[in-house]
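Listed below, chain by chain, are the residues.
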There are 2 protein chains.
Amino acid sequence: MPLIVQKYGGTSVGSIDRIRNVASRIKKLRDEGNQVVAVVSAMGGVTDKLIGMANELNDTPPERELDVLLSSGEQQSIALLSMALEGMGVPAASVTGRQAGIFTTGSHTRGRIDKIEPNMVHGFLDEGRVVIVAGFQGITEDGHIHTLGRGGSDLTAIAVAAAINADLCQILTDVDGVYTSDPRVVKDARKLPELSYDEMLEMASSGSKVMQSRSVEFAKKFGVVFEVRSSLNDNPGTIITEEHPDMEAVVIRGVSIERSQARVTVQNIPDDAKSAAQILGALSEAEINIDMIVANSSQDGRGRLSFTMHTNDLGRAQAALQPLLGPLNATVETEAGLAKLSTVGIGMRSHSGVAAKMFEALAEANIKTGMISTSEIKIAVTVEETQIEEAARVVHTAFKLESKPCA
Amino acid sequence: MPLIVQKYGGTSVGSIDRIRNVASRIKKLRDEGNQVVAVVSAMGGVTDKLIGMANELNDTPPERELDVLLSSGEQQSIALLSMALEGMGVPAASVTGRQAGIFTTGSHTRGRIDKIEPNMVHGFLDEGRVVIVAGFQGITEDGHIHTLGRGGSDLTAIAVAAAINADLCQILTDVDGVYTSDPRVVKDARKLPELSYDEMLEMASSGSKVMQSRSVEFAKKFGVVFEVRSSLNDNPGTIITEEHPDMEAVVIRGVSIERSQARVTVQNIPDDAKSAAQILGALSEAEINIDMIVANSSQDGRGRLSFTMHTNDLGRAQAALQPLLGPLNATVETEAGLAKLSTVGIGMRSHSGVAAKMFEALAEANIKTGMISTSEIKIAVTVEETQIEEAARVVHTAFKLESKPCA
């Protein structure tokens, strides 16, 4: 009997009616002859409410206690979903992160899954039950509760699928799958039937916020095939799997956009690794995530270092850099109102001219480009935020992403 | 350093402000040089809300899932209280029932504490922390969650106090202590400084609902001295401990009342143990708690069996008995609108005439009595519910309970 792991997010179980709806979907899947394990998040809104209460009592709530508090949210949703299933005549049982044997390392509020000992899950499956697993949580070897941070329930689903050797893992979400571009921006964006882990990783890190990178990385590491599909309809979604020869032969898989970007350039710095390390170290210490990094040197032995970040971090970044400017005899220049356009595809490895074609399309539309960064399967470029939608459309069209490629 | 276990109920932690207030009380106790372990219930109202959601999804929610659901309530309150303490500069840590090592047997929603392995509690105490323990919950050897049923948090507090060998266990509640009678009924009722376990047990089973009997029984079994006191002020409460010679030398400790009682009499039954067993068995199977039982036999070999119960159970009791009446050739007579008056005191063991004095007082006030039952330290009698308050007052006065006895 096929064994399927499904993951439902907080919106999908956000009310009594929605929990009932999820139960119906699971019942259908089981009636079709599958064993089902469902990983669920806390009911939508619950986590925010709990954080609000925590902040009322303590400006900086201890992270250990935050984990105890927040993990109660999934404990409620798994019990309620199990009750709904039982009410429909489907034998079900809930398991907390601890009961699912999800052991974590790392720190509170940012646990990392270390190993899974799914004895209780197997026991309930052997009894013919649907098993409902609390997402987002695990325990340390010492018995303390960890939550897994953003996207933690996706990670739980993929890790559980790996641990119980599931045939498929479905990430049920509020989108139909992964598209060649954001359908709200590019009208003829097309849902992709299949995608490689690497492409999904580059899409994720380029603003297609369907999933967090680390869940995709975990799936890649353990070879978990998963499908991103809608929790609202029965349409097939997008399968993310190992790259294989039958995969749609395309150069570019998709075009993703990320808004609210800012650029910071530190000018006139000593052109050596030590200065760059100091600058990047100061930003890292201030917990500012930087994205693209470009370094230029000039002939006089002085150089400049540019990087992008979310606009919200710009003020903190300037503050973090301030103490360095005097000693380095450097200056800072910033630019907000940017956005990032990324083209992603494993095909570009073997096809030259992708960058040329992309810049040609942008130039033809009079779109000025700024910083550029590339990986083996991605080319990213900054443009004015006001032009990002137009940029996505012209690049999408240039690579003919709207039409299914020929085999 | 004295080690004190405190228990705070759902009302005491029912809002952010109240949690803050409890944290202040704990801080004060700690500042006075005590080690503190606090057992807390779910925030008032949370449990009812969760049960409401459960019932929306399933008319008869599986009890295993109810336990998973409801135990999340204390998990939230322990985390929030710990955060509040940390916010006041008091090192604190929360532990769930599982983390406190509270192992249970019995069935879901009615777990019984089997043993406690408080390693994590000791660890946190050694670190100088206040430890906040989730009341009302434990786990089975197999790792399933149990709740402990009504009064479960009191039980947790007393069991934890026994396990960590605490110097004192304080049950913080919304009353000031145990009174000679209900102060709302008997104006000159007096707070008792001290009470024996046995007296507390008889008071509990006689309608003084300060605590459930099983918590008192547990305390008696393990010799845990505990104090019932108010969570709203700093008045000393009532200490419940082993009977000892210095205890206030009185015949009667208190007068308790229980309203909404009904009497059922099965008449004309064969005067043998088998018939009584059939009748009581049918009621037990219908899960009807009966209280007083009186049997009478007549000369013709037929007898009658009377018992009292809560008025709410009267209909179900009649339904449960119906199938037996034909085979036994018996009839049923019922009377609602009753109440029970109990006088309790270890002193009555060695003093005769207590019953006489009690009935004398009732007769003088023209109060008609019905069924009577006695134990070694209690005499209980039913009266018309309309007369119960007057009955309590005259008996209270007859035994001079309003004044502190001479040594």
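Just so you know, these numbers come straight off a predicted model, no measurement behind them.

**So, the nonpolar core**
- Counting 77 residues, the largest nonpolar core has A:Ile26 and B:Ile26 as its most contacted members.
- Residues within four places of A:Ile26 in sequence aside, it is in contact with A:Gln6, A:Tyr8, A:Val36, A:Ala38, A:Leu81, A:Leu85, A:Val130 and A:Ile132.

**Looking at the UniProt feature "binding site: ATP" (unreviewed entry) in chain A**
All names here are of chain A.
- Here, UniProt's "binding site: ATP" (unreviewed entry) annotation points to Lys7, Tyr8, Gly9, Gly10, Thr173, Asp174, Tyr179, Arg184, Lys209 and Val210. For this annotated set, covering 204 residues, the C-alpha atoms extend up to 24.9 Å from each other, a dispersed arrangement in space.
- Looking at the secondary structure, you find Tyr179 in the loop between β9 (168–173) and β10 (194–196).
- The class of Tyr179 is partly exposed, set by a relative accessible area of 22%.
- Residues contacting Tyr179, with those up to four places away along its chain left out, are Ala189, Arg190, Lys191, Leu192 and Met203.
- Residue placement: Val210 occurs in the loop between α6 (197–204) and α7 (213–222).

**Looking at the sheet that holds strand β17 (residues 369–375) of chain B**
All names here are of chain B.
- Strand order in the open sheet formed by six strands is β14-β15-β13-β16-β18-β17, with antiparallel pairing between adjacent strands. Bordering the open sheet on either side are β14 (293–297) and β17, each of which pairs with just one other strand. Between one strand and the next, the sheet's axes are offset by a mean angle of 30°, whatever the strand orientation.
- Pairing of strand β13 (residues 254–270) with strand β16 (residues 331–344), which is carried by 11 bridges, proceeds in the antiparallel orientation.

**With respect to the domain arrangement of chain A**
- According to the domain assignment, chain A consists of domain 1 (3–173) and domain 2 (255–398).
- Once you take the C-alpha centre of each, domain 1 of chain A and domain 2 of chain A turn out to be 38 Å apart.

**Digging into the interface of chain B and chain A**
- If you look at the interface, chain B gives 42 residues, while chain A gives 42 residues.
- Counting the surface lost from both chain B and chain A, the interface buries some 3,400 Å², and carbon and sulfur atoms represent 64% of this.
- At the boundary of chain B with chain A, the tally comes to zero salt bridges.
- Across the chain B-chain A interface, the total number found is 16 residue pairs in polar contact (both at pLDDT 80 or more).
- Looking at the side of chain B that touches chain A, the elements with two or more residues in it are α1 (16–31), α2 (46–57), α3 (63–87), β3 (92–95) and α4 (119–126) of chain B.
- In terms of residue count, the dominant contributor to the side of chain B that touches chain A is α3(B) (17 residues).
- For the side of chain B that touches chain A, the class distribution of residues is 22 nonpolar, 12 polar and eight charged.

**So, α7(A)**
All names here are of chain A.
- Buried within α7 we find Ser215, Val216, Phe218 and Ala219. Taken end-on, α7 shows its buried residues confined to a sector of 160°, consistent with a single buried face.
- Against β5 (110–116), α5 (152–163), α6 and β11 (226–230) lie the buried residues of α7.
- Among the residues trailing α7, Gly223 stands out with phi positive, at a value near 65°.

**A short note on the pattern of salt bridges**
Residue and element names in this part refer to chain A.
- The full count for this structure, using the stated rule, is 55 salt bridges over all chains.
- Measuring nitrogen to oxygen at the nearest pair gives 3.2 Å for the salt bridge that ties Glu389 to Arg259. Here the residue Glu389 occupies a position in helix α11 (residues 388–398), and Arg259 occupies one in strand β13 (residues 254–270), the gap between them amounting to 130 residues.
- A relative accessible area of 34% means that Arg259 is categorised as partly exposed.

**Topic: the UniProt feature "binding site: substrate" (unreviewed entry) in chain A**
Residue and element names in this part refer to chain A.
- In this numbering, the UniProt entry assigns the feature "binding site: substrate" (unreviewed entry) to Thr47 and Glu74. The largest pairwise C-alpha distance within this set of annotated residues, which runs over 28 residues, is 9.2 Å, so the set is compact in three dimensions.
- With respect to the helices and strands, the residue Thr47 is situated in helix α2 (residues 46–57).
- Setting aside chain neighbours within four positions, we find Thr47 in contact with Ala42 and Leu70.

Cut-off values and rules
- Residues numbered from 1 in each chain as written.
- Chains lettered and ligands numbered in written order.
- Predicted model: local features only at pLDDT ≥ 70, side-chain atom pairs only at ≥ 80, totals over all residues.
- Heavy atoms only, no water.
- Core = buried A, V, L, I, M, F, W, Y, C linked by side-chain atoms within 4.5 Å.
- Buried < 20%, exposed > 50% of the residue type's maximum accessible area, 1.4 Å probe, protein only.
- Contact = heavy atoms within 4.5 Å.
- UniProt positions renumbered as here; feature names shortened; annotations may be inferred.
- Helix = DSSP H or I, 4+ residues; strand = E, 2+ residues; numbered from the N terminus.
- Pairing = 2+ DSSP bridges.
- Axes fitted to C-alpha atoms, helices over the stretch in contact; angles between N-to-C directions.
- Domains from an automatic or database assignment.
- Buried area = accessible area lost by both parts, 1.4 Å probe.
- Salt bridge = Lys/Arg side-chain N within 4 Å of Asp/Glu carboxyl O.
- Polar contact = N/O pair within 3.5 Å; in protein donor to acceptor, adjacent residues only side chain to side chain.
- Nonpolar A, V, L, I, M, F, W, Y, C, P; charged D, E, K, R; others polar.
- Arc of directions from axis to C-beta.

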